[in-house]
Amino acid sequence: MSEPTSAPVNTVTWWELPVTDLDQAKSFYGAVFGWTFTPFGEGYEGILNGSEMIGGLWQAPEQATSDGIRVYVNVADLEATLAAAEAAGGTVKNTREEVGGDMGWWAQIVDPGGRLVGLCTDNAAT
């Protein structure tokens, strides 16, 4: 098993808000919470609280916005966690993908009830 990352493992360390209008959402959340934003790929804005990137806004199809906030759980071993999810009756929506900019990797699982849960890690595949 890989060594734990600097972020606590098995805890939510990232979240995303699906929105249909990025500009409107940036205006709203900036006014309400004082957040600022940085482009992070097509249709995606990183949310900054001061200088710390704490989450993201993503341009979603209208039906996806009813899904609510997406969370990402930091794990020590991404592939072992994907295998455990399948063994427990869930499915893997997508396997390891690089976030980019030396920010680690992510994947997504779906629990037996149909809820999407993201996974993230700083650890390379073993």
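Numbering of residues starts from 1 in every chain and runs along the sequence as written. Thresholds applied to this predicted model are a pLDDT of at least 70 for local features of residues and 80 or more for the giving and counting of side-chain atom pairs; totals over whole chains, interfaces and linings are not thresholded and use all residues. Side-chain numbers here rest on the full set of heavy atoms in the structure, without hydrogens or water.

Novice: Which residues make up the environment of Glu-97, and what values do they have?
Specialist: As for its placement among the helices and strands, Glu-97 is situated in strand β6 (residues 91-98). Whether two residues are in contact is decided by their heavy atoms, any of which lying within 4.5 Å being enough. Dropping the residues within four chain positions of it, Glu-97 is found in contact with Gly-104, Trp-105 and Trp-106. In this description a helix means any DSSP run of H or I spanning at least four residues, a strand means any run of E spanning at least two, and both kinds are numbered starting from the N terminus.

Novice: Let's hear about the sheet that holds β6: which residues, and what values?
Specialist: Ordered in space as β2-β3-β4-β1-β5-β8-β7-β6, the eight strands form an open sheet in which the pairing is mixed. In this open sheet, the two edge strands, each paired with only one partner strand, are β2 (36-39) and β6. Taking each pair of neighbouring strands and ignoring which way they run, the sheet shows an average axis angle of 30°. Pairing between two strands is assigned when DSSP locates at least 2 bridges connecting them. Sheet topology note: the strand β5 (residues 70-74)/strand β8 (residues 116-121) ladder contains three bridges and is parallel. The partner of Asn-74 across the bridge, within β8, is Cys-120. Only the contacting stretch of a helix is used when fitting its axis, a line to C-alpha atoms as for every element, and angles between N-to-C directions run 0 to 180 degrees. Sheet strands in contact with helix α1 (residues 22-33) are β1 (11-19), β2, β3 (44-49) and β4 (52-59), and its direction is about 145° off that of β4.

Novice: Talk me through the pairing of strand β7 (residues 105-110); I want residue IDs and the actual numbers.
Specialist: Relative to β7, β6 runs antiparallel, the two sharing five bridges. The residue of β7 that forms the bridge with Thr-91 is Val-110. Hairpin connection, β6 to β7: the antiparallel pair is bridged by six residues, and Gly-100 has positive phi, about 110°. Taken together, the six bridges between β7 and β8 define a ladder with antiparallel strand orientation. Residue pairing across strands places Val-110 opposite Leu-116, the latter belonging to β8. Connecting the antiparallel pair β7 and β8 is a turn made up of five residues, with Gly-114 showing a positive phi of about 95°.

Novice: Now, about the pattern of salt bridges: what can you tell me, with residues and values included?
Specialist: Any two side chains of opposite charge can pair if their charged atoms end up close together. By definition, a salt bridge exists where a carboxyl oxygen of Asp or Glu is found within 4 Å of a side-chain nitrogen of Lys or Arg. The final tally for this structure, using the stated rule, is three salt bridges. Between Glu-45 and Lys-26 there is a salt bridge, and its shortest N-O distance comes to 3.7 Å. Here Glu-45 is found in strand β3, whereas its partner Lys-26 is found in helix α1, with 19 residues between them in sequence. Using a relative accessible area of 11% as the deciding quantity, one classes Glu-45 as buried. Glu-79 is the salt-bridge partner of Arg-96, the closest N and O atoms lying 2.7 Å from each other. Of the two residues, Arg-96 sits in strand β6 while Glu-79 sits in helix α2 (residues 78-87), which places them 17 residues apart along the sequence. Only protein chains enter the accessibility calculation, which uses a 1.4 Å probe; a residue whose area is less than 20% of its type maximum is buried, one above 50% is exposed, and one in between is partly exposed. For Glu-79, a relative accessible area of 32% gives the class partly exposed.

Novice: Quick one: what's the story with the layout of surface pockets, residue by residue and with numbers?
Specialist: Of the voids in this model, the largest pocket is the one considered here, and its volume is about 540 Å³. Considering the residues around the largest pocket, the lining is formed by 20 residues, among which Trp-14, Glu-16, Val-99, Trp-106 and Cys-120 are closest to the centre. Elements with a minimum of two residues in the lining of the largest pocket: β1, β4, β5, β7 and β8. Gly falls in the polar group here, along with every residue not listed as nonpolar (Ala, Val, Leu, Ile, Met, Phe, Trp, Tyr, Cys, Pro) or charged (Asp, Glu, Lys, Arg). Its residues assigned to classes, the lining of the largest pocket comprises twelve nonpolar, five polar and three charged. Here a cavity means grid points, on a 1 Å grid over the protein atoms only, where a 1.4 Å probe fits yet cannot get out; a pocket means an open set of points with protein on both sides within 12 Å along at least five of seven lines; lining residues are those with an atom within 4 Å of a point. Grid points are joined across faces, edges and corners, and a volume is the space filled by probe spheres set on the points.

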